[in-house]
Amino acid sequence: MTFTVALSTFFSLLSIFCGAAALALPVIALVRRKNAPAFAAASMGLCAISLLGQIFEYNNRVNVQDWSALLDTSYAVLFCAAVLVALALVLNIAACLRAGKQ
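This is a predicted model, so every value here is computed, not measured. (Residues numbered from 1 in each chain as written. Predicted model: local features only at pLDDT ≥ 70, side-chain atom pairs only at ≥ 80, totals over all residues. Heavy atoms only, no water.)

**Q** It is not clear to me how unusual backbone geometry should be interpreted in this structure. Could you clarify?
**A** Excluding glycine, a negative phi dihedral is what most residues carry, and trans is how most peptide bonds are arranged. Although it is not a glycine, N35 adopts a positive phi angle of roughly 55 degrees. For N35, a relative accessible area of 51% translates into the label exposed. In this structure, Q65 is a non-glycine residue whose phi angle is positive, near 55 degrees. Within the fold, Q65 resides in the loop between α2 (36-63) and α3 (67-100). With a relative accessible area of 57%, Q65 lands in the exposed category. (Buried < 20%, exposed > 50% of the residue type's maximum accessible area, 1.4 Å probe, protein only. Helix = DSSP H or I, 4+ residues; strand = E, 2+ residues; numbered from the N terminus.)

**Q** Is there a simple way to think about the packing of α2 against α3 in this case?
**A** Think of two packed helices as two axes; the pair is described by the angle between the axes and how far apart they sit. Taken N-terminus to C-terminus, the directions of α2 and α3 make an angle of 175 degrees; their axes are 9 Å apart at the nearest point. The orientation of α2 with respect to α3, classified from their angle, is roughly antiparallel. Classifying every residue of the contact of α2 with α3 gives 21 nonpolar, six polar and one charged. (Axes fitted to C-alpha atoms, helices over the stretch in contact; angles between N-to-C directions. Parallel < 35°, antiparallel > 145°, perpendicular 65-115°, else oblique. Nonpolar A, V, L, I, M, F, W, Y, C, P; charged D, E, K, R; others polar.)

**Q** Can you walk me through the pattern of salt bridges in this structure?
**A** Inspection of the entire model under this criterion finds two salt bridges. For R61, the salt bridge identified is with E57, shortest N-O distance 2.7 Å. Of the two residues, R61 and E57 both sit in helix α2, four residues apart, roughly one turn of that helix. One salt bridge connects R61 with D66, and the closest N-O pair in it is separated by 3.1 Å. A residue is classified by how much of its surface remains accessible, and D66, at 24% relative accessible area, is partly exposed. Where salt bridges share partners, they join E57, R61 and D66 into one cluster. (Salt bridge = Lys/Arg side-chain N within 4 Å of Asp/Glu carboxyl O.)

Rendered as structure tokens:
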């Protein structure tokens, strides 16, 4: 059971840090106005890794049959994933458009 908790913690932290980095990179690209396509690609890659972390977390909970945790968190995870992808897309498009104007 301890290994399962460690895996759950790892996947949750991976998801949080990659999601935060996915949102920070386009902001950095907006400020610096350089290498926006490279920052956008890295940002979307981190966004994908963040979402994969959540999928692995759900798989971990299915393996230990923690159905109540899955039922309690499914809508919140869905909402957060949608917000992460939408914000990452908007910020990356803005960074690329701003860099393209120069």
